[in-house]
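Residues per chain, in single letters:
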Amino acid sequence: MSQLSHLDSQGQAHMVDVGDKAETARTAIAEGSVVMQAETLAIVRAGDAKKGDVLGTARLAGIMAAKRAHELIPLCHPLLLTKIAVDLSIDEALPGVRVRAEVRLTGKTGVEMEALTAVSVACLTVYDMVKAVDRGMRIEAIQLVHKSGGKSGVYEVAEGQR
């Protein structure tokens, strides 16, 4: 493993200086899921949750969270994001909701944390909106599945690791 970039020579945390890095087009895609009872998923699908539109609210929460990742994660740079897309889909096989976030910018640092934050908060919002009927839901498999741009190039998670 290479040296951790957020630690100085004394092992203390610091914000990485990206001032000399080249601006490149950068993209990150993250995914995760909320596993729930089939009856709970039926409420989500029908739009009958007492708190309102579960998927629409979670989509907005994910977008808002990506824009604020730097306020939540120490040492994360504030970024001028050019695209945030959060997609939620019903998956009967889970049963539950799958969440996918794509974040883009042209800049000097990546957007992995913004994509992961979007998925995390969207999943938490799904949980919050239907927890009254299913407190046993599980948030699972939040992970980075794609990253491109910057010096390290492209990263793709293997299909079997999703």
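Cut-offs used in this document
- Residues numbered from 1 in each chain as written.
- Predicted model: local features only at pLDDT ≥ 70, side-chain atom pairs only at ≥ 80, totals over all residues.
- Heavy atoms only, no water.
- Pairing = 2+ DSSP bridges.
- Helix = DSSP H or I, 4+ residues; strand = E, 2+ residues; numbered from the N terminus.
- Buried < 20%, exposed > 50% of the residue type's maximum accessible area, 1.4 Å probe, protein only.
- 1 Å grid on protein atoms, 1.4 Å probe; cavity = no way out; pocket = protein on both sides within 12 Å on 5 of 7 lines; lining within 4 Å.
- Points joined across faces, edges and corners; volume = space filled by probe spheres on them.
- Nonpolar A, V, L, I, M, F, W, Y, C, P; charged D, E, K, R; others polar.
- Contact = heavy atoms within 4.5 Å.
- Core = buried A, V, L, I, M, F, W, Y, C linked by side-chain atoms within 4.5 Å.
- Axes fitted to C-alpha atoms, helices over the stretch in contact; angles between N-to-C directions.

Engineer: So, the pairing of strand β2 (residues 83-91): which residues are in play, and what are the values?
Structural biologist: Of the pairings in the sheet, the one linking β2 to strand β3 (residues 96-107) comprises 9 bridges and is antiparallel in character. By the bridge assignment for β3, L88 is matched with V99. Taking the residues between adjacent antiparallel strands as the criterion, β2 and β3 are bridged by 4 residues.

Engineer: So what's going on with the environment of V44? Which residues, and what values?
Structural biologist: Within the secondary structure, V44 is located in helix α1 (residues 38-46). Judged by its relative accessible area of 6%, V44 is buried. Separated by 10 residues in the primary sequence, V44 and V54 place their C-alpha atoms 6.3 Å from one another.

Engineer: Explain the layout of surface pockets residue by residue, including any values.
Structural biologist: Roughly 580 Å³ of volume is contained in the largest pocket. If you trace the largest pocket, you find 27 residues lining it, with K21, R26, T109, G110 and E112 closest to the centre. For the lining of the largest pocket, the elements supplying multiple residues, two or more each, are β1 (24-35), α4 (112-130) and β4 (138-148). Grouping the constituent residues of the lining of the largest pocket by class yields 9 nonpolar, 11 polar and 7 charged.

Engineer: Got a sec to walk through the environment of K83? Specific residues and values, please.
Structural biologist: Within the fold, K83 resides in strand β2. Of the residues examined, K83 reaches a relative accessible area of 31% and is grouped as partly exposed. Spatially, the C-alpha atom of K83 lies 22 Å from that of V97, the residues being 14 residues apart in sequence. Apart from the residues within four sequence positions on either side, K83 is in contact with E102, V103 and R104.

Engineer: Give a description of the nonpolar core that names residues and reports values.
Structural biologist: Ranked by internal contacts, the top residues of the largest apolar core, which has 32 residues, are M36, V86, L88, V97, V99 and V126. Where this core is concerned, the elements lending two or more residues are β1, α1, α2 (54-67), β2, β3 and α4. A total of 9 residues in this core trace back to one element, the largest contributor, which is α4. Excluding residues that lie within four positions of it along the chain, V97 makes contacts with G32, S33, V34, M36, L41, V44, L55, L88, S89 and V126.

Engineer: Give me the sheet that holds β1: which residues, what numbers.
Structural biologist: Read from one edge to the other, the open sheet built from 5 strands follows the order β2-β3-β1-β4-β5, with strand pairing classed as antiparallel. In this open sheet, the two strands that pair with only one neighbour each are β2 and β5 (155-156). Lying on the sheet, α2 is in contact with β2 and β3; it crosses β2 at an angle near 145°.

By themselves, these observations are geometric and do not establish any function.
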